[in-house]
Amino acid sequence: MAGTTATERSGTSRGGGTLYRGDLGMWSWVAHRITGVLTFFFLFAHVLDTALVRVSPDAYDKVIETYKNPIVNLFEVGLVGAVLYHALNGIRVMLVDFWAKGTKYQRQMLWAILAVWVLVMIPGAYFMLVRTVSDMFGGH
């Protein structure tokens, strides 16, 4: 590396100021952080709206009534997806950290949790959305 300029080295060093273009592991890390933050903000809002019942039961009822619309239902499906991914990936992260062979199998474990996520989310989303779709497009 002697004789190379900082510009030539910037793509190879972590501190080079370039965008890190990692592999699947980087994206799972990013998704884990995003889903954690989303879950935190949901829990914060949930605590606030639930606490409203002690202040004004009528106001609480009005807030809960606003949640009964198709857009909120889609957000609920997204929330379940975020919590499920965060939980499954958290188990994977613990295995990588505390299992001697965790780092060796971290990529396979990521694919496994993504497969489990899809297998759980497909029927979950169906059952969560069936009432909304039925209400919107007619039904019983």
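Residues numbered from 1 in each chain as written. Predicted model: local features only at pLDDT ≥ 70, side-chain atom pairs only at ≥ 80, totals over all residues. Heavy atoms only, no water.

Things to note about the UniProt feature "transmembrane region" (unreviewed entry) in the protein chain
Our working rule: UniProt positions are given in the numbering used here, feature names are shortened, and annotations may be inferred rather than shown by experiment. Comment: elements are numbered from the N terminus, with helices defined as DSSP H or I runs of at least four residues and strands as E runs of at least two.
Mapped onto this structure's residue numbering, the UniProt feature "transmembrane region" (unreviewed entry) falls at residues 30-51, 71-88 and 109-129. Counted over residues 30-51, helix gives 100% and strand 0%. Its end C-alpha atoms are 32 Å apart. Strand forms 0% of residues 109-129 and helix 100%; the C-alpha atoms that close the span are 29 Å apart.

Concerning the environment of Leu95
We apply this condition: Whether two residues touch is decided by their heavy atoms; if any such pair falls within 4.5 Å, the residues are in contact.
Here Leu95 lies in helix H4 (residues 70-98). Spatially, the C-alpha atom of Leu95 lies 9.0 Å from that of Met109, the residues being 14 residues apart in sequence. Residues contacting Leu95, with those up to four places away along its chain left out, are Gly102 and Met109.

Let's talk about the nonpolar core
Note the cut-off: Nonpolar cores are built from buried Ala, Val, Leu, Ile, Met, Phe, Trp, Tyr and Cys residues. Side-chain atoms within 4.5 Å join them into one set. Residue exposure (1.4 Å probe, protein chains only): buried if accessible area is under 20% of the type maximum, exposed if over 50%, otherwise partly exposed.
Among the nonpolar cores identified, the biggest contains eight residues, and these are Val77, Leu84, Tyr85, Leu88, Leu110, Ile113, Met121 and Ala125. At the level of elements, H4 and helix H5 (106-137) are the ones that each hand at least two residues to this core. Those residues in contact with Ile113 that lie beyond four places of it in its chain are Tyr85, Leu88, Asn89 and Arg92.

Let's talk about the layout of surface pockets
The following threshold applies: Here a cavity denotes a set of grid points, spaced 1 Å apart and computed over the protein atoms alone, in which a 1.4 Å probe fits but from which it cannot get out, and a pocket denotes an open set meeting protein on both sides within 12 Å along at least five of seven lines; residues with an atom within 4 Å of a point are reported as lining. Grid points are joined across faces, edges and corners, and a volume is the space filled by probe spheres set on the points. In this classification, Asp, Glu, Lys and Arg are treated as charged, Ala, Val, Leu, Ile, Met, Phe, Trp, Tyr, Cys and Pro as nonpolar, and every other residue, Gly included, as polar.
Roughly 480 Å³ of internal volume is contained in the largest pocket. What lines the largest pocket is a set of 17 residues, among which Phe42, Val72, Phe75, Glu76 and Leu79 lie closest to the centre. Those elements giving two or more residues to the lining of the largest pocket turn out to be helix H2 (24-55), helix H3 (57-66) and H4. With seven residues, the top contributor of residues to the lining of the largest pocket is H2. Of the pockets and cavities examined, the second largest pocket occupies roughly 250 Å³. Considering the residues around the second largest pocket, the lining is formed by Tyr67, Lys68, Asn69, Pro70, Asn73, Glu76, Met128, Arg131, Thr132, Asp135 and Met136. Breaking the lining of the second largest pocket down by element, the ones donating at least two residues are H4 and H5. Ranked by residues supplied to the lining of the second largest pocket, first place goes to H5 with five residues. When the residues that make up the lining of the second largest pocket are grouped by side-chain class, the tally is four nonpolar, three polar and four charged.

Details of the confidence of the model for the protein chain
As a note on interpretation, predicted positions should not be read in detail where pLDDT is low. Condition: For every residue, the predictor assigns a confidence score, pLDDT, that lies between 0 and 100.
This prediction gives the protein chain a mean pLDDT of 86; 84% of its residues lie at or above 70. The lowest-confidence element of the protein chain is helix H1 (residues 6-9), averaging 46 in pLDDT; the highest-confidence one is H4, averaging 95. When the criterion is pLDDT under 50, residues 6-14 qualifies, and its contacts beyond four places in sequence or with other chains add up to seven contacts.

Notes on H5
Here is the rule: For a helix, the expected span equals 1.5 Å multiplied by the number of residues minus one.
Here H5 contains 32 residues, and its C-alpha end-to-end distance of 44 Å stays within 8% of the 46 Å for a straight helix at 1.5 Å per residue. Every buried residue belonging to H5 is among Met109, Leu110, Ile113, Met121, Ala125, Thr132 and Ser134, and all of these are buried. The inward-facing, buried residues of H5 abut H2 and H4. One or two residues past the end of H5 sits Gly138, with phi positive at roughly 90°.

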